[in-house]
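# Coordinate analysis (summary)
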Amino acid sequence: MAGDLRRAAFNHEAITEFLGDTAHDALLRDQLIPALRTLAVLDAPTPLSTTLGLFMLGVEVPEGELAAAFPATGIAGLHGLGLIEPAESGELWRARVDLRTHASDADEEIWVASDLGAHQRAGVLRHDHVLGIGQASLTLAQTTVRPQVRYALDLGTGCGIQAFHLLSHADRVVATDISARALGFTRFNLLLNHQALAIDPHDLQARVDLRLGSLLDPVRGEEFDLIVSNPPFVITPRFAGEQDADRFTYRDGGMPGDTLVSTLVSSLPSILAPGGSAQMLANWEITEAVDEEQSRDWTAGPRSWLSADTEAWFIQREMVSPTEYAETWLRDASQGRDPLAFAEQYGAYLDDFASRNVGAIGFGMVWLRRPAEGKNGMGVNFEAIGYPIEQPIGSYLTRDISVADELAARDVRDLHLVVAEDVTEERHQRPGAEHPGVILLRQGAGLRRTEILDTALTGFVSACDGDLSVSSLVIALNSLIGEGDPEFSSRLHEGVVRLIKHGFLLEMRNNR
Ligand SMILES: C[S@@+](CC[C@H](N)C(=O)[O-])C[C@H]1O[C@@H](n2cnc3c(N)ncnc32)[C@H](O)[C@@H]1O
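Calculation notes
Residues numbered from 1 in each chain as written. Predicted model: local features only at pLDDT ≥ 70, side-chain atom pairs only at ≥ 80, totals over all residues. Heavy atoms only, no water. Helix = DSSP H or I, 4+ residues; strand = E, 2+ residues; numbered from the N terminus. Buried < 20%, exposed > 50% of the residue type's maximum accessible area, 1.4 Å probe, protein only. Contact = heavy atoms within 4.5 Å. Areas by Shrake-Rupley, 256 points an atom, 1.4 Å probe, with all protein chains shown as cover. Lys, Arg positive; Asp, Glu negative; His and termini not counted. Charge placed at Lys NZ, Arg CZ, Asp CG, Glu CD. 1 Å grid on protein atoms, 1.4 Å probe; cavity = no way out; pocket = protein on both sides within 12 Å on 5 of 7 lines; lining within 4 Å. Points joined across faces, edges and corners; volume = space filled by probe spheres on them. Salt bridge = Lys/Arg side-chain N within 4 Å of Asp/Glu carboxyl O. Nonpolar A, V, L, I, M, F, W, Y, C, P; charged D, E, K, R; others polar. Arc of directions from axis to C-beta. Domains from an automatic or database assignment. Buried area = accessible area lost by both parts, 1.4 Å probe. Near = heavy atom within 4 Å. Polar contact = N/O pair within 3.5 Å; in protein donor to acceptor, adjacent residues only side chain to side chain.

### Remarks on the overall build of the protein chain
Summing up its helical and strand segments, the protein chain has 18 helices and 19 strands in all. Structurally, the protein chain occupies a C-alpha span of about 90 × 60 × 55 Å along its principal axes. Counting all 512 residues of the protein chain, 49% fall into the buried class. Counted over contacts in the protein chain with a minimum sequence separation of 6, partners at least 24 positions apart contribute 68%. As displayed, the protein chain offers around 24,100 Å² of accessible surface, 52% of which is attributable to carbon and sulfur atoms. When the 42 positive and 73 negative side-chain charges of the protein chain are each reduced to one mean point, those points stand 2 Å apart.

This is the structure:
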């Protein structure tokens, strides 16, 4: 089948060229009409148009056309693999799965099969729906810090997307899921892409271990160097007499509120090797503030889940109201199609959040580490970053973590610093004012942080040309502008450490 797909040029470049940018972009937004219109005006089908129509656009294909597009696999082969089924009308065949291309970490692209989405198949999704590569899958893949490791885990693998990325930098990967159907898709995808993923199709086990089971059950007692998980984190109202079949397995772990996420955050460190880290996507409930004077503290819940020695970094990317949350997840599973059921479910979400006094729901990235010698400088960090960041962001997170580890082992006062290339300074002042009211530094790359500077830090940064050490600059500034302020040096020092940790200031390594 891989040979057929390759012969059909079922790859990103050929598909984009065939459809044109506009129709291709629409397809990425799950809008099929522009691509279907391109297909409709073709003089004759090609293996590429047939494959695209069948597996991505929900087109029913005549036997002859299908046989021509898959000469090696044949119709019997596709049917035997469970990829197609006869359509209701006449001699036509339709897809049972979605199949699309994805950039691998090697030169070659991979093909990833998953269940058909709501835009490709009529009706509400099946409850054991195996998710394709969605925005959340890509976000986690792009956020993952990727050191070369011995043993990695993808918990809740779905179609296997995170595991495929792990294979590029882990000797062995364990991929778990509570759904046998998901593991079936992962296995199919591994075999289909064995060349690009550098695995032996006759001995998958040598590099990949697929295990059925819930949360930590299939891996208890083991220690991983790296864990990634895009878990079923969606907060869903529970109801009496609920069965497994009532839940969408891909998004709902069957626990109340954010308990599935809190369980993972508190238990994942127990299966990390010393120095090993875990990264996951998560939702967390944010309790309503006690009175209007106070603002909601989004960090309170996540903070309470951390075991004493775990290092953590939570980046909150979004915060939404209970109503926005309910609408998003009702839409996601096409539950909006039956107005009565929609109203009932919407109300259930609101009652559920109200029962725990939830005022908002946070979404973001979680990084956890079991400390080890030389890998313990991060501590516990919470950042809210709601604006667009550079993607892939993983290498920037790697940098921040290694800088924090280095700083923990060195004396900052001895460093000679320069300002990072991507940093610019902004000064804002009221018209006619003599001095700027606000001075800030902006980072152009990575997390694109902004730092508001006081006078001391402004002076410090402008003098960072690598010539003087941090301690010399602090002493000089203290004598110039810090006289009479006993806190001056320590406050400045604290600001400098933050600017180094966040990548605004770098050590001038080569010259010293
Ligand atoms: C949001 S999907 C993520 C799929 C894939 N890893 C990705 O990044 O796109 C969550 C996956 O977790 C699985 N899952 C649900 N409950 C689970 C549990 N209790 N233990 C392990 N996996 C679970 C689902 O079957 C689903 O495949």
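### A word on the environment of Arg337
Mapped onto the elements, Arg337 comes out in the loop between α13 (322–332) and α14 (339–355). For Arg337 and Ala308, which are 29 residues apart along the polypeptide, the C-alpha to C-alpha distance reads 47 Å. Every residue in contact with Arg337, bar those within four places of it in the chain, is listed here: Ala118, Ala122 and Gly123.

### Things to note about the layout of surface pockets
Empty space among the atoms becomes visible once a probe the size of a water molecule is rolled across them. The volume enclosed by the second largest pocket comes to roughly 490 Å³. Forming the boundary of the second largest pocket are 24 residues, of which Gly82, Arg96, Val97, Asp115 and Arg181 lie nearest the centre. Contributing elements (two or more residues each) for the lining of the second largest pocket: β3 (92–95), β5 (109–115) and α10 (180–192). The element that contributes the greatest number of residues to the lining of the second largest pocket is α10, accounting for four residues.

### Regarding the pattern of salt bridges
Tallied over the entire structure, the rule returns 31 salt bridges. For Glu285, the salt bridge is made with Arg356, and the minimal N-O distance between the two is 2.6 Å. One end of the pair, Glu285, is in strand β10 (residues 272–287); the other, Arg356, is in the loop between α14 and β12 (358–369), and 71 residues separate them in sequence. Taking relative accessible area as the criterion, Arg356 reaches 30% and is therefore assigned partly exposed. Where salt bridges share partners, they join Glu85, Glu88, Arg94 and Arg96 into one cluster.

### With respect to empty space enclosed by the protein
All told, the structure shown has two cavities of 30 Å³ or more when counted by the stated rule. Of the voids in this model, the largest cavity is the one considered here, and its volume is about 50 Å³. Together, 13 residues line the largest cavity, and Pro232, Phe233, Val234, Gly257 and Leu260 are the ones closest to its centre. Of the residues contributing to the lining of the largest cavity, the split by class is seven nonpolar, three polar and three charged. Of the voids in this model, the second largest cavity is the one considered here, and its volume is about 30 Å³. Lining the second largest cavity we find His102, Ser104, Asp105, Ile110, Ile161, Phe164, His165 and Leu197. Looking at the lining of the second largest cavity, the element that brings in the most residues is helix α9 (residues 161–166), giving three residues. Per-class residue counts for the lining of the second largest cavity are four nonpolar, three polar and one charged.

### What to know about α13
For α13, every residue scored as buried is listed here: Pro322, Tyr325, Ala326, Trp329 and Leu330. Down the axis of α13, the sector holding all buried residues measures 120°, keeping them to one side. Where α13 is buried, its residues contact β10, β11 (311–320), α14 and β12.

### So, the domain arrangement of the protein chain
Segmenting the protein chain into domains produces domain 1 (2–95), domain 2 (135–405) and domain 3 (410–507). Summarising the inter-unit geometry, the C-alpha centres of domain 2 and domain 3 are found 36 Å apart. On the domain 3 side, the residues contacting the 16 residues of domain 2 number ten residues. When domain 2 packs against domain 3, close to 1,000 Å² is buried across both sides, 53% of that on carbon and sulfur atoms. The interface formed by domain 2 and domain 3 holds two salt bridges in total. Asp400 serves as the salt-bridge partner of Arg449, at 2.9 Å between the closest nitrogen and oxygen.

### As for the site of the ligand
Contacts to the ligand come from 17 residues, most closely from Ser137, Gly156, Gln162, Asp177 and Leu215. The separation between a nitrogen atom of the ligand and a polar main-chain atom of Leu215 is 2.9 Å. Relative to its unbound accessible area of 600 Å², the ligand is 96% covered by the protein chains.

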